[in-house]
Amino acid sequence: MSAVVPGWRCRWCRSDRGTVVLDLGAQPASDLFPEPEAPAPDPVHPLRMVMCDRCRLAQLEEDPTGPEVPRGVEPAALVAQARAGVADLVAGGLLGPGTWAAEMRSPHGGSWLERVQEIVPDAVLLDGHGTVPGLAADLVVDSLGLMHEADQRAAWDLRLDSLAPDGVLALHVHPLSVIVRDGTWNALRHGHFAYYSLTVLVEMARSTGLVPVGLWRYPLYGGTRLLALAREGSEPARAHAGSAGELVATELAAEAAAGATEPRAVAVLQRQVARSAAALRDWLDESTGKVVAYGAASRAVALFALAGVTADDVLAVVDASPAKRGRAMPGGPGPRVPVLGADILAEVRPDKVLLLVPDLLDEVRSAHPEVEGLGGRWVVAEPEPVEVEPLSRDRGRRR
Ligand SMILES: [Zn+2]
């Protein structure tokens, strides 16, 4: 573990003392999908995660790349996640008829407001509200948005400005403790400025006068949390802070046991980086037949770069997003891996389809029965390649 670059300041508490807990070296920008003929190698930038010594917020040390461009399509998994989150807020008594709801936008897509409209028909949606502070909302939803804010202090202020006195701020996050447990080091990306343990997130909330009023867990990305917050002494706090406090205390105890705010415990991610890259390299070298990958996700960029993946290993990456099609994965020397549409699955008849976005397994599998129908196999790439057992014929027919 090494020290931070000179001039570094914590994105939350402004301390100048931090510890590097994960260092991926120089990496291409994660939103760069170059033209196939663009000269290689692509420009690279340092990619390091730092934990602040004072407030223990894990964060991107520096980001010389531009803002992340939302090019992806919205996977069904994120729509289902939004629906589940909104339903839980309703069941928890935090979202009811006539609610004025606003949303902080996230490049990960998955509008929760559309789900609010589905489930709470007379809700008033303050569209575009995230950029218009000063309008008070009863519910401010932020799904994976806060992490994209370079200045965490300013980002919290914006959310507080948007919140009515008895309003609820619902934060959906992928906690650092889950990232560490699962070894999903490639959560570290340019454009992702903060990686929250629940411990730090609750502390950030408390310091702005908010207390937990609800907490839910979901299986997305190996485990996400929806943390609902309200002003201390507000109506939702009086009704729900007691029960939510108990749920939060249980989570924080588990995080303390796992060392979620200890640089040394988080730095185990570094070991998984080499393991993942080597495992993918070995798997590709040992694979016979045609290999196609699925999901030109930004999380795959560093993995491909570290494993030195070229078009000699992977014929193409299939992606559902029209904006990415016809482009290529960023990378170093060697032939670029093109990004193509799903129609090539039937044409190429790959022996293996390397899935770069594990959460999509169920939906891509049912969307593309031709893969297994033609004798191919799905392989989940992370943290190390694992071949998925084929569905039996009977089960396949029922799906
Ligand atoms: Zn700090």
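Reading the values: rules and limits
Residues numbered from 1 in each chain as written. Predicted model: local features only at pLDDT ≥ 70, side-chain atom pairs only at ≥ 80, totals over all residues. Heavy atoms only, no water. Domains from an automatic or database assignment. Contact = heavy atoms within 4.5 Å. Buried area = accessible area lost by both parts, 1.4 Å probe. Salt bridge = Lys/Arg side-chain N within 4 Å of Asp/Glu carboxyl O. Nonpolar A, V, L, I, M, F, W, Y, C, P; charged D, E, K, R; others polar. Buried < 20%, exposed > 50% of the residue type's maximum accessible area, 1.4 Å probe, protein only. Helix = DSSP H or I, 4+ residues; strand = E, 2+ residues; numbered from the N terminus. Arc of directions from axis to C-beta. Polar contact = N/O pair within 3.5 Å; in protein donor to acceptor, adjacent residues only side chain to side chain. Lys, Arg positive; Asp, Glu negative; His and termini not counted. 1 Å grid on protein atoms, 1.4 Å probe; cavity = no way out; pocket = protein on both sides within 12 Å on 5 of 7 lines; lining within 4 Å. Points joined across faces, edges and corners; volume = space filled by probe spheres on them. Pairing = 2+ DSSP bridges. Donors = N, O, S within 2.8 Å, 3.2 Å for Na, K, Ca; no water. Tetrahedral: all angles 85-135°; square planar, octahedral: opposite > 155°, others 65-115°. Axes fitted to C-alpha atoms, helices over the stretch in contact; angles between N-to-C directions. Parallel < 35°, antiparallel > 145°, perpendicular 65-115°, else oblique. Left-handed = near helix turned anticlockwise from the far one by under 90°. Core = buried A, V, L, I, M, F, W, Y, C linked by side-chain atoms within 4.5 Å. Phe/Tyr/Trp six-rings, centres within 6.5 Å; stacked < 30°, edge-to-face > 60°.

(A) Spatial organisation of the domain arrangement of the chain. When the domains of the chain are assigned, the result is domain 1 (76-263) and domain 2 (275-398). Centre-to-centre separation of domain 1 and domain 2, based on C-alpha positions: 32 Å. With 11 residues of domain 1 at the contact, the number on the domain 2 side is 10 residues. Summed over both partners, the interface of domain 1 with domain 2 buries about 850 Å², with 51% contributed by carbon and sulfur atoms. Its largest share of buried area at the contact with domain 2, domain 1 owes to W185, N186 and R189, together 57% of the area lost on that side. Between domain 1 and domain 2 we count 0 salt bridges in total. Of the residues in the side of domain 1 that touches domain 2, the class split is 6 nonpolar, 3 polar and 2 charged.

(B) Representation of helix α2 (residues 112-119). Turning to α2, its buried residues number three or more, namely W112, L113, R115 and V116. On an axial view of α2, the arc spanned by its buried residues comes to 160°, and they lie on one face. On its buried side, α2 packs onto α1 (76-91), β4 (100-104), β5 (124-126), β6 (137-143), β7 (163-173) and β10 (224-231). The N-terminus of α2 is capped by S111, whose side-chain oxygen sits 3.3 Å from the backbone nitrogen of L113.

(C) Up close: the side chain of D63. Examined against the element boundaries, D63 turns out to sit in the loop between β3 (58-60) and α1. Despite being buried, D63 has no salt bridge partner; R11 is the closest side chain of opposite charge, sitting 6.7 Å away. Polar side-chain contacts of D63 include one of 2.9 Å to the backbone nitrogen of G191. When sequence neighbours within four positions are dropped, the list of residues in contact with D63 reads H190, G191 and F193.

(D) Fine view of empty space enclosed by the protein. Under the counting rule described, the total for this entry stands at 3 cavities of 30 Å³ or more. A volume near 40 Å³ is recorded for the largest cavity. Along its surface, the largest cavity is lined by Q27, P28, S30, L47, L188, R189, H190, S298, V301 and A302. Of the residues assigned to the lining of the largest cavity, the class counts are 5 nonpolar, 4 polar and 1 charged.

(E) Examining the sheet that holds strand β13 (residues 339-340) more closely. The strand order β13-β12-β11-β14-β15-β16 describes an open sheet built from 6 strands, whose pairing is mixed. A strand with exactly one partner marks an edge of an open sheet, and here the two such strands are β13 and β16 (386-387). As paired elements, strand β15 (residues 377-380) and β16 share 2 bridges and run antiparallel to each other. Considered in β16, the bridge of V380 is made with V386.

(F) A look at the coordination of the zinc ion. Around the zinc ion, the protein contributes the donor atoms C10 (SG), C13 (SG), C52 (SG) and C55 (SG), which lie 2.2 to 2.4 Å from the metal centre. Viewed at the metal, the 4 donor atoms of the zinc ion are separated by angles of 99 to 114°, and the geometry they form is tetrahedral. If you list the donors of the zinc ion from N- to C-terminus, the spacing comes out as C-x2-C-x38-C-x2-C. Of this pair, C10 sits in the segment before β1 (18-27) while C55 sits in the loop between β2 (45-52) and β3, and the two are 45 residues apart along the sequence. Residues C10 and C55 agree in their burial class; the two are buried.

(G) Structural detail: the packing of helix α8 (residues 269-286) against helix α9 (residues 299-307). Running from N to C, α8 and α9 point in directions that differ by 70°, and their axes come no closer than 9 Å. Here α8 is positioned roughly perpendicular relative to α9, judged by the angle of their axes. As α8 runs across α9, the sense of the crossing is right-handed. Between α8, through V273, S276, A277, L280 and R281, and α9, the contact on the second element is made entirely by L303, L306 and A307. A breakdown of the residues in the contact of α8 with α9 according to their chemical character gives 6 nonpolar, 1 polar and 1 charged.

(H) How the structure looks around the nonpolar core. The biggest cluster of nonpolar side chains holds 43 residues, and the ones touching the most others in it are M49 and M329. The set of elements that each furnish at least two residues to this core consists of β1, β2, β3, α4 (176-182), α8, β11 (291-294) and α9. A total of 6 residues in this core trace back to one element, the largest contributor, which is α9. Structurally, this core is a two-domain feature, drawing no fewer than three residues from each of domain 1 (76-263) and domain 2 (275-398). Excluding anything up to four places from it in sequence, M49 contacts T19, V20, V21, L22, A58, Q59, L176, L188, Y195 and V266. The next biggest cluster of nonpolar side chains, apart from the first, holds 38 residues, and it includes V20, Y196, V200 and L227.

(I) Expanded view of the packing of aromatic side chains. Scanning all chains against the criterion turns up 2 aromatic pairs. A ring pair is formed by Y294 and W378, whose centres lie 6.0 Å apart and whose planes are at 65°; its orientation type is edge-to-face. Taken together, the residues span a long stretch of sequence, with Y294 in strand β11 and W378 in strand β15 at a distance of 84 residues. No difference in accessibility class separates Y294 from W378, as the two residues are buried.

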